[in-house]
Amino acid sequence: MTSPESTAIRVRGLRKAFGRKEALAGLDFAVPDGAVAGFLGPNGAGKTTTLRLLLGLAPADTGEMEMLGEPMPGGRVPVLERTGALVEKPSFLDHFSGFDNLWWFGSLNRPVTRERVGEVLGRVGLTEAAGQSFGTYSTGMKQRLGVAYAILHRPRLLILDEPTNGMDPQGRVQMRDLLREIHAAEGSTIFLSSHLLDEVQRLCDYVVIVDHGKTVREGYVGEILQSGQETWEVRVADGQQERAAGLLLAQPGVLSCRSGPRGLEIRLQPGQSAEVNRVLVGAGVPVVALIPHEASLEETFIALTDTEGETGHGNRPVPGAGVDSGAKARPPEPGGRS
Amino acid sequence: MTRFLTLVRFELVKVLARKKAFLFLLALNVVPLLASVIALLVYLKMKGLGLGGLEYSVLVEMVRGLFTAHMLLFGWISPFFLALVIGDSFSGESGRGYLKLLLLTPVRRWQVVVAKALAVLVFLLLAVALGGFFLQLDLWVARAVTENPAMIWDVKPATTVLVETSAALQLFVLSFLANLALVGFFILFSMFSESPVLMAFISLIVLMTMQTYVLMAPYLTRLDARYGQVADWCFTRHLSRLSEIKTVQGILGKTLSLADPWVREPMVASLGWAAFFFLLAIAVFQRKQILS
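In this text the structure is predicted, and so the values were computed from the model without any measurement.

Per the counting criterion, the structure on display carries 25 salt bridges over all chains. Here Arg-15 of chain A ties to Glu-22 of chain A by a salt bridge, and the two come within 3.2 Å at their closest N and O atoms. The exposure class of Arg-15 of chain A is partly exposed, given its relative accessible area of 37%. On the accessibility criterion, Glu-22 of chain A (45% relative accessible area) is partly exposed. Between Arg-116 of chain A and Glu-119 of chain A there is a salt bridge whose closest N-O contact spans 3.1 Å. On the criterion of helical spacing, the pair formed by Arg-116 of chain A and Glu-119 of chain A is a turn pair, its members being three residues apart in helix H4 (residues 114-123). Overall, the relative accessible area of 9% leaves Arg-116 of chain A in the buried class. Overlapping salt bridges bring together Glu-11, Lys-14, Arg-18, Lys-20, Asp-88, Glu-93 and Lys-116 of chain B as one network.

All names here are of chain A. Its 18 residues place the ends of helix H6 (residues 169-186) 25 Å apart at the C-alpha level, agreeing with the 26 Å of an ideal helix rising 1.5 Å per residue. Residues of H6 that are buried in the fold lie against H4, helix H5 (139-151), strand S7 (157-161), strand S8 (189-194) and helix H7 (197-203). Once H6 finishes, Gly-187 follows within two positions and takes phi at roughly 65 degrees, a positive value.

Turning next to the nonpolar core. Grouped together as the largest cluster of nonpolar side chains are 171 residues, with contacts concentrated most on Ile-9 and Phe-191 of chain A together with Phe-186 and Ile-187 of chain B. With 15 residues, helix H5 (residues 109-146) of chain B is the largest single contributor of residues to this core. Split by domain, the residues of this core number at least three in each of domain 1 (7-224) and domain 2 (227-325) of chain A. What Phe-186 of chain B contacts, discounting residues up to four positions off in sequence, is Pro-79, Leu-82, Ala-83, Ile-86, Met-199, Ser-203, Leu-204 and Leu-207 of chain B. Listed in part, the 14 residues of the second largest apolar core include Val-234, Leu-264, Leu-280 and Val-285 of chain A.

With that settled, the discussion passes to the packing of aromatic side chains. Residues and elements named next belong to chain B. Applying the stated criterion across every chain, the model contains 28 aromatic pairs over all chains. With 5.7 Å between their ring centres and 40 degrees between their planes, Phe-235 and Trp-273 make a pair best called tilted. Taken as a pair, Phe-235 in the loop between helix H8 (225-232) and helix H9 (236-242) and Trp-273 in helix H11 (residues 261-287) lie far apart in primary sequence, 38 residues in all. Across the pair, Trp-273 and Phe-235 agree in class, each one buried. With a centroid separation of 5.7 Å and 35 degrees between ring planes, the pair formed by Trp-273 and Phe-277 is classed as tilted. In this pair, Trp-273 and Phe-277 are both assigned in helix H11, four residues apart and thus about one turn of the helix distant. Neither residue differs from the other here; Trp-273 and Phe-277 are each classed as buried. Just above the ring of Phe-90 sits the side chain of Lys-116; from NZ or CZ to the centre is 5.6 Å.

Residues and elements named next belong to chain A. Along helix H9 (residues 241-250), the positions that sit buried rather than exposed are Ala-244, Ala-245 and Leu-248. For H9, the angular spread of the buried residues around the axis is 100 degrees, confining them to a single face. Exposed side chains of H9 directed beyond 90 degrees from the buried face belong to Glu-242 and Ala-250. In the core, the buried residues of H9 are packed alongside strand S11 (230-236), strand S12 (254-259), strand S13 (264-268) and helix H10 (273-282).

Definitions and limits used
- Residues numbered from 1 in each chain as written.
- Chains lettered and ligands numbered in written order.
- Predicted model: local features only at pLDDT ≥ 70, side-chain atom pairs only at ≥ 80, totals over all residues.
- Heavy atoms only, no water.
- Salt bridge = Lys/Arg side-chain N within 4 Å of Asp/Glu carboxyl O.
- Buried < 20%, exposed > 50% of the residue type's maximum accessible area, 1.4 Å probe, protein only.
- Helix = DSSP H or I, 4+ residues; strand = E, 2+ residues; numbered from the N terminus.
- Expected span 1.5 Å × (residues − 1).
- Contact = heavy atoms within 4.5 Å.
- Core = buried A, V, L, I, M, F, W, Y, C linked by side-chain atoms within 4.5 Å.
- Domains from an automatic or database assignment.
- Phe/Tyr/Trp six-rings, centres within 6.5 Å; stacked < 30°, edge-to-face > 60°.
- Lys NZ or Arg CZ within 6 Å of the ring centre and 35° of its normal.
- Arc of directions from axis to C-beta.

This is how it looks when you write it as structure tokens:
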């Protein structure tokens, strides 16, 4: 958990209970300075609670927090001056326009010019709706305004809680580009919680995965995804699946095999794909396609946070397939995947 | 400091943007304004028709009476207004998540409490001053017209200043202190509820019960002196003294000043209660978890 480089956020042994329910049970993590970090966890894992505690909205029971080198919540004011934050849904004043909301809330940090407010509104694509009252905004627009507010003062640290919640696909792409742009131009550290895993994978270089109020895994995305095995999808002619599965499992390089939505999903030791193809073709099984699956954060995430085990509906393992074939079965597609 | 002033301005803008504020302004000022305009019209019209009628000194007396009524009315309806607006700005904003957004800016929590209280008080005092100023204006118009021989011929030297600046300032201080204690009282209640209506009702019921007890206390004291001792701890008794008709008229008629024990004692007591409520409210707010 200790990282040699300087950290933007560091949390140690954070505990928080609401009544009898323990929301955080000794959370530890550190976000390196200058990283784009994703904060992942299933619903109720304690993501938003952590952000609340970090930003001083609620006191922690025990534990240490540090942001931008200052202890929190002790250094709340100087830290918040350099932090743009959005926690849960943005709740601006309903009867004020988007522009007025940004201007007033922005001025509470330090004086802000009308040009800057206009510029930020333009960057999130709200120029046309700037004069409209916040109450009439759609969920996605509200979210955009929240992001606009967070980036208003060019913060060193950007904390966003599910920033693309309720946005349309274009909006998500736009938001991703915007965050990348800001990260590149201003070098701010970005810490965003999300349950959209492919989004996090595309945007973040560092992830913290939490579950049941504890850190399950944290590290650079590249390191987390290196698992020493490859996943491939093998599509064969109709009616040949069972035979192909039998042949594949007999191969020493094949770790597991199960039927996927359109073909067989196999896990291989690295560099075994050509051998698999040769065996199948040699046995007279027509291979229609051999498709590599890029290692996804989703699989890692599900594996790390899956506690029930019995989630593999719709992905029945091939009869007689490898021992671990069912263990890492995927549950039905998580809702947000685009 | 600029941040704090911005916060106060922001809160004031929010108070002014509420329909409640407008309705309060209307409720507070509509009676004295209408009555004084009618009195002025009657005075001028009768003069114009040569009917004699309303004497200038009578007009002055009427307007002075209206001024007293205005002050009393203010004393009655300001608690209701305060309960509603403070319910909105603490309970309501906490329920809607505005408070969360506010606390994500680098303002300190005590600043939020003080700024909200200040904004409400500034509005309240402007509202009451508006009525007072209008009544004063009424007399100025009457005098200007009366002293113009082309229109009216019986010029009589009379008191033309309704309220002297010193009396106005003293009344202002009294209203400020009385309402400061009330604001603190309501803020303290609003810390514990996320529903503005519920908070307003409960706090007003407590306030009314307290005041009813204060009014009953002199009779109860005949049964047992301890009833009176309890009544001493009801802070509403100081507030009602400050906005009592005797106090207002005394200050207007210069028979009373702030240094008089009749006014000074409840003033000091109100200030003490206000400080107590505010410190307690801030202490509670510092620990409050902002979850919605």
